[in-house]
Amino acid sequence: VALSILFGTPPARAETPTDRQMKAAFLYNFSQFVQWPRTSFENASSPIVIAVVKADDLGTHLDHLIEGKTVGGHPVVSRRVNDAAAARGAHVAYLDDARQLDVLRGNAVLTVGEGIEFTRSGGMIGFYVQDRKVRLAINRTAATRAGITISSQLLKLSTLVEGK
Amino acid sequence: VKPHLLDRLSLRTKLTAIMCLTLAVSLGLAYAVLMFLVREYARSVVERRLSILASVIDVNAQAPLAFVDAAAADATLGSLRADDAVLAAWVQGRDGKIFSSYRSPRFTEPFATLDEGNHGLTTDGDQVRIVRPMVANEDRLGTLAIVSDLSGANAVLHRYAWIIALVMGGSSVCATLLWARLQSGIMTRLSRLSQTVDYVAVHSDFGARAQAGGADEVGQLISGFNRMLDEIQQRHAEVGKRTDELAALNAELDARVTERTAELNASNKELEAFSYSVAHDLRAPLRHIDGFADLLARHLDKSLDDKGRRYLNTIGAAAKDMGLLVDHLLVYSRMGKTELKKTETPLDPLVAEVRQVVDRGQDGRSITWNVEALPAVVVDPEMMRQVFTNLLSNAVKYTRNVAEAVIEVRCRAVESDQWEFTVSDNGAGFDMQFADKLFGVFQRLHSTSEFEGTGIGLANVRRIIARHGGRTWAVGTVNQGASFHFTLPRSKG
C-alpha cells in the first residue's frame, strides 16, 4: 500500500514492489527534506543531480520517478557513474561501498548507502530493513560536516547514528 | 366613518402601545443583527482554528507520508485528540487510498474520498470540514482532511444569545421606566385638564381652574383654557349682576305701579262717593226751586205779566233739566257700583223689546230696521238693556233729519272668543277727530237745541261694556252716519 502511494503508478505496476523501487523513491524524496549550501548551485535553475554508482534497476526506477520534477526551482536529474569520484559534482550520491566515502569527503554531497554500518563508517544516510519495511539511519554529524542540513521532519522518522 | 380601534383607547394607553411597539421592533431588529454577527464571528473563529490545525498537521505529516511511515503519521494525527471539537482527520495518498487516520468516538461516518473538487472549508449542519492538499515543495504528496463540530461555536452563540437578551431586557425595562417617568409629566397634566373640563361642563362652575404647569404645548393649552375660564367667569358675573339689577328695577316698578294703582283707586272711590253725595244732595234744593217757582206762578196768577211768567217758566225748566242731569249722574254712578247679575241672555227678544219702546216715541217717521239674528250671551240683562236703549235711541235721534233712515244691528264672531256688535245709522254722523270724546261724561258734539240729551248715555255704554270685559269704539263721518261697536266675550263670564 505504502509503495503504491509513493510511486503513484497504476496498480498493475505497483503489484511488483521491491526494496529497490522504494529506495529509488526515497532518493528523490531526500531532495525535499535536505538543504544544500547555496554554493552547491550555480544559479537558481541549476539541476539537483542524483548520482547512482553501479547503476542497476534502481537507476531505471529513479529515471521514471524524477521525470519532469523540480524541487525549489531546480530540476531533478540522475546520473549513472562508475565510481564515487565521478559523483563529486552531484548533490545526492548512492554508493554501493562504504570504502568509497573518503573520495567524497569535503564535498557537499548527501551520501546514501546500504545498512546502518554505512552511516557508522561516515555515510550520511543508510537504508536498512526492519519489520519488512525500509528504514533510515542518519549520521547527522557527517551531514553537518559537509554543510548539508537535514529536515527535522526527516530526522524524526529515522534512527540517528553516531559515526565517523 | 368607522372609528379605528386605536381611537377608542385613552391617550395614555395609545402612547404606551406606540412606545412598546417601537421598542419591540427596534430591539428585535438589533437582536437579529447582533445574533447574526455573533454567529458569523463564532464560525469564523472555529474555521480559523481549523485552518491553523490543518497547516500544522500538514507540515508534520509530510515526511511520514514521503517516507511511508504510517506509524509516525498516525502519531501526528493522533495529537488532534487534545482538541474536543475535532471529530476526525485523515490523510489520503496520491493513489486515493487512506494512508493514515484519526477518529474520535463521536465520529461514526466512513472517511470520504477526497478530490480536487472539495478543497477548502465546507459546513454541513453541525460539522465543518477542511480539505487541503499536502505539498512538499512543488510535489503533491497527498490530501489532508479534518472534520470539526460547531458545538464550540454554538456554545458561544448560546452564551451570547443569553447575554444580549439580558442586556436588551434590561434596557427595555430602563426605557419603560424612563418612559413612564417622562410621559407622566405630560399625561398627568393632560388628564387633570380633561377632568377640569368635565367638571366645568357638568357643574357649570366657572371658578374651577386646571392646575398649571410647564411651558410646552400642554402648559400653553392649560393656561389658555384657564384664561378662557377667567373670561367666562367675568362675563358670567357681569350677566348675573345685570340680571339682579334688572330684577330689582322690575320689583321697584311693580311696587310703584301697585302703589299708584291703589292711590288711583282710592281717589276714584273718593270722587265717586263725593259726586254721588253731591248729586243726591242737589235733588232736594232743585225740587224746592221747581216747586216754589210753580207755587209763585200760581200765587201771582193774575198780577203776573207775561214777562214775569216767562222768567218763572224758564226757572222751572232749568231746575227740571238740572234734576234730569242729576238723575242721570246717579244712574251712571250706580252703573259703576252695583253688582253684576250675569245670566244667559238671548239678545234677540231683548233688542226687539227695546226697539218697540224706541219706535213708540216716533210720530209716523219712516225708519228701515235691519236687525240680524243675535246670539245669547252671559251678561247682566238690565244693563244690556241700557246699552241697547242708549244706542238705538241715539240712532233714531240722529237720523231725525234724514228722509229715509236706515238703522242696522249686526253681530259677528272675532278673535275666536269675542262677539263684535255693531249699531250703525245713516244720520248726522260726527267728525272722527272727536271720536274719543263721544264716550266721555257730559261730552256732546251737538248742541242741545239741535239734538236733546244730557251727554251721559254713551259714557254709560262704555262703562257697562267695560265691566263685562269688552271694548267700545265709534266710527263716523259728518252727515254720512255713524257706527258704534262693542265686544263681549263668547265664553261664560
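This is a predicted model, so every value here is computed, not measured.

K.L.:
Quick rundown of the environment of B:H485? Include the residues and the values.
P.N.:
All names here are of chain B. Looking at the element boundaries, H485 is found in strand β12 (residues 481-489). Classification of H485 by relative accessible area gives buried; the value is 12%. For the pair H485 and R410, spaced 75 residues apart in the sequence, the C-alpha separation amounts to 9.6 Å. Beyond its immediate sequence surroundings of up to four residues, H485 is in contact with E420, F421, T422, R471, T472, W473 and V475. Separated by 3.1 Å, the side chains of H485 and T422 make a polar contact. Side chain to side chain, H485 and S483 meet in a polar contact 3.0 Å long.

K.L.:
Explain the nonpolar core to me, using residue names and the numbers behind them.
P.N.:
Taken as a class, soluble globular proteins show a tendency for nonpolar side chains to be buried jointly. With 67 residues, the main nonpolar core has A:F30, A:L110 and B:I146 as its most contacted residues. No other element matches helix α2 (residues 11-66) of chain B, which puts 9 residues into this core. Each residue touching A:F30, except ones within four places of it in the same chain, is listed here: A:L110, A:V112, A:I125, A:F127, A:L136, A:L154 and B:F67. Of all hydrophobic cores here, the second largest spans 39 residues; its members include B:M384, B:L391, B:C411 and B:F486.

K.L.:
Account for helix α5 (residues 217-299) of chain B, naming residues and giving values.
P.N.:
Residues three or four positions apart in an α-helix share a direction because the helix packs 3.6 residues into each turn. Residues and elements named next belong to chain B. Between its first and last C-alpha, α5 extends 120 Å over 83 residues, near the 123 Å set by a 1.5 Å rise per residue. Along α5, the sharpest change in direction is near 25° and occurs at R283; proline P285 comes one to four residues later. The set of residues buried in α5 consists of V218, G219, I222, F225, N226, L229, A279, L286, A293 and A297. On its buried face, α5 sits against α4 (151-203) and α6 (306-337).

K.L.:
Describe the interface of chain B and chain A, and please don't skip the residues or the numbers.
P.N.:
A common way to report how large an interface is uses the accessible area buried once the components associate. Contacts between chain B and chain A engage 20 residues on the former and 23 residues on the latter. Carbon and sulfur atoms make up 58% of the surface buried where chain B meets chain A, a total of about 1,900 Å² over both sides. Residue B:D139 is joined to A:K69 by a salt bridge in which the shortest nitrogen-to-oxygen separation is 4.0 Å. The tally of links between chain B and chain A comes to 5 residue pairs in polar contact (both at pLDDT 80 or more). The set of elements that each furnish at least two residues to the side of chain B that touches chain A consists of α2 and β5 (139-149) of chain B. Looking at the side of chain B that touches chain A element by element, the count peaks at 7 residues for α2(B). Class assignment for the residues of the side of chain B that touches chain A results in 11 nonpolar, 4 polar and 5 charged.

What counts and how
- Throughout this document, residue positions are counted from 1 along each chain, in the order its sequence is written.
- By the order in which they are written, chains take letters starting at A while ligands take numbers starting at 1.
- With pLDDT at 70 or above as the cut-off, local features in this predicted model cover only qualifying residues; side-chain atom pairs require 80 or more to be listed or tallied, and sums for whole chains, interfaces and linings still use all residues.
- Hydrogen atoms and water are omitted, and side-chain values are computed over all heavy atoms in the structure.
- Only DSSP runs of H or I with at least four residues qualify as helices, and only runs of E with at least two residues qualify as strands; both kinds are numbered from the N terminus onward.
- Under the scheme applied here, a residue whose accessible area is under 20% of the maximum for its type counts as buried, over 50% as exposed, and between as partly exposed, the area being computed with a 1.4 Å probe on protein chains only.
- We call two residues in contact whenever any of their non-hydrogen atoms come within 4.5 Å of each other.
- Polar contact is defined as a pair of N or O atoms within 3.5 Å, subject to the rule that within protein one atom must be able to donate a hydrogen and the other to accept it, and that residues adjacent in sequence are counted only when both atoms are side-chain atoms.
- Take the buried residues of types Ala, Val, Leu, Ile, Met, Phe, Trp, Tyr and Cys, join any two whose side-chain atoms come within 4.5 Å, and each joined set is a nonpolar core.
- What a helix should span is 1.5 Å times the count of its residues minus one.
- What the bend at a residue measures is the angle between two axes, fitted to the seven residues ending there and to the seven starting there.
- Accessible area that two parts lose when put together, with a 1.4 Å probe and added across both, is what the buried area reports.
- The working definition used for a salt bridge is a side-chain nitrogen of Lys or Arg within 4 Å of a carboxyl oxygen of Asp or Glu.
- Classes in brief: Ala, Val, Leu, Ile, Met, Phe, Trp, Tyr, Cys and Pro nonpolar; Asp, Glu, Lys and Arg charged; the others, Gly included, polar.

Everything listed here is a matter of coordinates, which is why it stays silent on function.
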